[in-house]
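Below, each chain spelled out in residue letters.
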Amino acid sequence: MNATNPDPNKPLPSPDAARAHASAPMPMRIAAVVAVLEGIVAIGYGIYLAVTQLRTGADESLVQSDTSAFAFVGVGTALFIVLTFGPMAYGGINILRGNQWGRSIIVFMNVLLIGIAFYMFIGGATLLGAITLLVAAITLGCALHPQSTEWATAAFDARRGK
C-alpha cells in the first residue's frame, strides 16, 4: 500500500481530478502575478494618500462639502483601496501557492479596471488610463485563457465530485 503497490480498494483519481490538483497553468500564473502587482501598486497609492493627508491635513479642493467629511478623503480612499485591491492581491498569491481561490476576484477587479481606465481617459489622465487598460486587458486575457478556464473547471468538477 504505497506508491509502487497502491491499495486495490481505493479508486484511482480521474484525469480531471488529477488536473484539478495540479498547479495553475502558465496563463493563470501570469494573471496572478499581475494581480499581485496591481494590488501592491494600488495599496501603495492608498498608503501615499493616507500619509499625505495625515501630514498636510485635508485638501478642501478634493470635495465640495460643508461637512467635515472632506477631512477623511485620503484615509477613506486608502481604506477603500485596501479593502478592494487587498483581496485581489491575496487571490493572486493564493493561486501562486498552488491553491484554487482567486481567479474570480481577479477577473472581477480587472473588468472594473477597464471601466476605470475609460473614466481616466475622460478625466484627462490618458497615459495612466492607457496603462490601466493595457494591464487589465492582459490580465483578463490570461485569466480567461482556455487553459486557465479548463484548470478552473477541472477544480470545480473535482470539488463537486464529478
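All of these numbers come straight from a predicted model, not from anything done at the bench.

The terminal C-alpha atoms of helix α5 (residues 126-143), which comprises 18 residues, lie 25 Å apart, in line with the 26 Å expected from a rise of 1.5 Å per residue. Where α5 is concerned, the buried positions are G129, T132, A136, T139, L140, C142 and A143. Those residues of α5 hidden inside the fold are in contact with α2 (26-56), α4 (103-123) and α6 (146-160).

With 78% of its residues at a pLDDT of at least 70, the chain reaches an overall mean of 84. Confidence, read as mean pLDDT per element, is least for helix α1 (residues 15-20) in the chain (47) and greatest for α5 (96). Long-range and interchain partners of residues 15-20, a stretch whose pLDDT sits below 50, account for 10 contacts in this model, where long-range means more than four residues apart.

On to the packing of aromatic side chains, then. Taken as a whole and assessed by the stated rule, the structure comprises three aromatic pairs. Arranged with centres 6.2 Å apart and planes meeting at 25 degrees, the rings of Y45 and Y48 form a pair that is stacked. Separated by three residues within a single helix, Y45 and Y48 lie in helix α2, roughly one turn from each other. Relative accessible area serves as the criterion here: at 47%, Y45 is assigned to the partly exposed category. Look at Y48 and you get exposed, because its relative accessible area is 52%.

Our next topic: the layout of surface pockets. Empty space among the atoms becomes apparent when a probe as large as a water molecule is rolled across them. If you add up the space inside the largest pocket, you get close to 940 Å³. Element by element, the count of residues in the lining of the largest pocket is highest for α2, at seven residues. Taken together, the residues of the lining of the largest pocket sort by class into 19 nonpolar, four polar and one charged.

Let us look at the side chain of E38. Note on placement: E38 falls in helix α2. For the buried E38, no salt bridge is present, and the opposite-charge side chain at shortest range is R103, 14 Å distant. A distance of 3.3 Å separates the side chain of E38 from the side chain of N110, its partner in a polar contact. Excluding residues within four positions of it along the chain, E38 makes contact with F85, M88, N110, L113, V135, A136 and T139.

What follows deals with a nonpolar patch on the surface. On the surface, V33, L37, I40 and L96 cluster together into a nonpolar patch covering about 350 Å² of accessible area. Here the nonpolar patch gets three residues from one element, more than from any other, and that element is α2. Following the sequence through the fold, L37 ends up in helix α2.

For the rest of this paragraph, the subject is helix α3 (residues 73-96). A rise of 1.5 Å per residue sets the reference length of α3, with its 24 residues, at 34 Å; its end C-alpha atoms lie 34 Å apart and thus fit the reference within 8%. Of all the bends found along α3, the most pronounced is centred on F85 and spans about 30 degrees, while P87, a proline, follows it within four residues. If you check which residues of α3 are buried, you get G74, A78, I81, T84, F85, M88, A89, G91, G92, N94 and I95. Where α3 is buried, its residues contact α2, α4 and α6.

Time to look at the nonpolar core. The biggest cluster of nonpolar side chains holds 20 residues, and the ones touching the most others in it are M28, F85, M88, I95 and I106. Taken together, the elements giving at least two residues each to this core come down to α2, α3, α4 and α5. If we ignore the near neighbours within four places in the chain, the residues touching I95 are A24, M28, A32, Q100, W101, G102, R103, I106 and W151.

This part covers the side chain of S148. On the secondary structure map, S148 appears in helix α6. At 2.8 Å, the side chain of S148 forms a polar contact with the backbone oxygen of C142. The residues touching S148, leaving out its near neighbours within four places in the chain, are P25, P27, M28, R103, C142 and A143.

Reading guide: rules and limits
- Residues numbered from 1 in each chain as written.
- Predicted model: local features only at pLDDT ≥ 70, side-chain atom pairs only at ≥ 80, totals over all residues.
- Heavy atoms only, no water.
- Helix = DSSP H or I, 4+ residues; strand = E, 2+ residues; numbered from the N terminus.
- Expected span 1.5 Å × (residues − 1).
- Buried < 20%, exposed > 50% of the residue type's maximum accessible area, 1.4 Å probe, protein only.
- Contact = heavy atoms within 4.5 Å.
- pLDDT = per-residue confidence, 0-100.
- Phe/Tyr/Trp six-rings, centres within 6.5 Å; stacked < 30°, edge-to-face > 60°.
- 1 Å grid on protein atoms, 1.4 Å probe; cavity = no way out; pocket = protein on both sides within 12 Å on 5 of 7 lines; lining within 4 Å.
- Points joined across faces, edges and corners; volume = space filled by probe spheres on them.
- Nonpolar A, V, L, I, M, F, W, Y, C, P; charged D, E, K, R; others polar.
- Lys, Arg positive; Asp, Glu negative; His and termini not counted.
- Salt bridge = Lys/Arg side-chain N within 4 Å of Asp/Glu carboxyl O.
- Polar contact = N/O pair within 3.5 Å; in protein donor to acceptor, adjacent residues only side chain to side chain.
- Patch = residues over 30% accessible without salt bridge, like charges linked within 9 Å, V, L, I, M, F, W, Y side chains within 5 Å.
- Areas by Shrake-Rupley, 256 points an atom, 1.4 Å probe, with all protein chains shown as cover.
- Bend = angle between axes of the 7 residues up to and from the residue.
- Core = buried A, V, L, I, M, F, W, Y, C linked by side-chain atoms within 4.5 Å.

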